[in-house]
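Observations on the model geometry
Spelled out from the first residue to the last, the chains are:
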Amino acid sequence: TGTSVQFNGSDSTWGSAPGDPAFHSNQFTVAFWGKSDPQNAWRTPVAHLPSSGEPGGGWILEYGDDAYGPHALGFATFSSGGTQYWMNTPAAIDAEWHHFVGQFDGQNMILFMDGTPLALRSADYGPQLAPDRTMTIGANFLWGEPMNGNIDDVQYYDHGIGFSDIQEIFANPG
């Protein structure tokens, strides 16, 4: 990857303007390159959540330690009514560069790492994204969970992209 943004794990983050219509599609793909400093707590490279209250109407892509083992990768969507769909996978998140993709195509959530699908889950309601949410890079404003590491080439699509497109992005970084 090229010139990346380094996050210090405490107070560095980027956020879109709340209500930015560019980030409010009920089908989406978010992709980025990340290199973390391994930690024993959940960390958020990218999210689309409110700044306070409940997570309804948003999504999050994160990593950390949980029942799946150290440094598992997680992806969640939250309906505006409070329904949640989580999926985690025991991906080896280390201090190397990896390409991550979280996708919701209107029916399924798919989680990719380095061009390979790791998990698929049906999510029959859709995220029903709330218009006042903020897309953040480096943390989420709801729970904090700051990223400690580097992020590069964040891409957001307002639809689910094809498997061959995901492999192309992985094979030809930014």
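Every chain's residues receive numbers from 1 upward, in the order its sequence appears when written. Two thresholds apply to this predicted model, a pLDDT of at least 70 for residue-level local features and 80 or more for giving and counting side-chain atom pairs, whereas whole-chain, interface and lining totals are computed over all residues. Only heavy atoms go into the side-chain values, all of them from the structure, while hydrogens and water stay out.

1. Observations concerning the environment of Val30
Secondary structure elements follow DSSP: runs of H or I of four or more residues count as helices, runs of E of two or more count as strands, with numbering from the N terminus. Structurally, Val30 is set in strand E3 (residues 28-36). A sequence separation of 130 residues divides Val30 from Gly160, and the C-alpha atoms of the two residues are 9.1 Å apart. Contacts are assigned to residue pairs with any non-hydrogen atoms lying within 4.5 Å of each other. Contact partners of Val30, with chain neighbours within four places excluded, come to Val46, Trp59, Leu61, Phe100, Val101, Gly102, Met135, Gln155 and Tyr156.

2. A word on the confidence of the model for the protein
Predictor confidence is given residue by residue as pLDDT, running from a minimum of 0 to a maximum of 100. On average, residues of the protein carry a pLDDT of 78, and 75% of them reach 70 or more. Confidence, expressed as mean pLDDT per element, reaches its minimum in the protein at strand E1 (residues 5-8) with 67 and its maximum at helix H1 (residues 163-171) with 92.

3. Structural notes on the pairing of strand E11 (residues 134-137)
Alternating positions in E11 separate into two faces, Thr134 and Thr136 on one and Met135 and Ile137 on the other, with burial throughout. When DSSP finds two or more bridges between two strands, those strands count as paired. Note: strand E2 (residues 14-15) against E11, 2 bridges, orientation antiparallel. Following the sheet pairing, Trp14 is matched in E11 by Ile137. Summarising the sheet, strand E4 (residues 43-49) and E11 pair through 4 bridges and their orientation is antiparallel. Across the sheet, the residue bridging to Leu49 is Thr134, located in E11. Here's how the labels work: a residue is buried when its accessible area is under 20% of the maximum for its type, exposed when over 50%, partly exposed in between, all with a 1.4 Å probe on protein chains only.

4. Re the environment of Leu111
Within the secondary structure layout, Leu111 lies in strand E9 (residues 108-113). Residue class for Leu111 comes out buried when judged on its relative accessible area of 0%. Once residues lying within four places of it in the same chain are set aside, the contact partners of Leu111 are Leu61, Leu73, Phe75, Met87, Thr89, Val101, Thr116, Pro117, Leu118 and Ala119.

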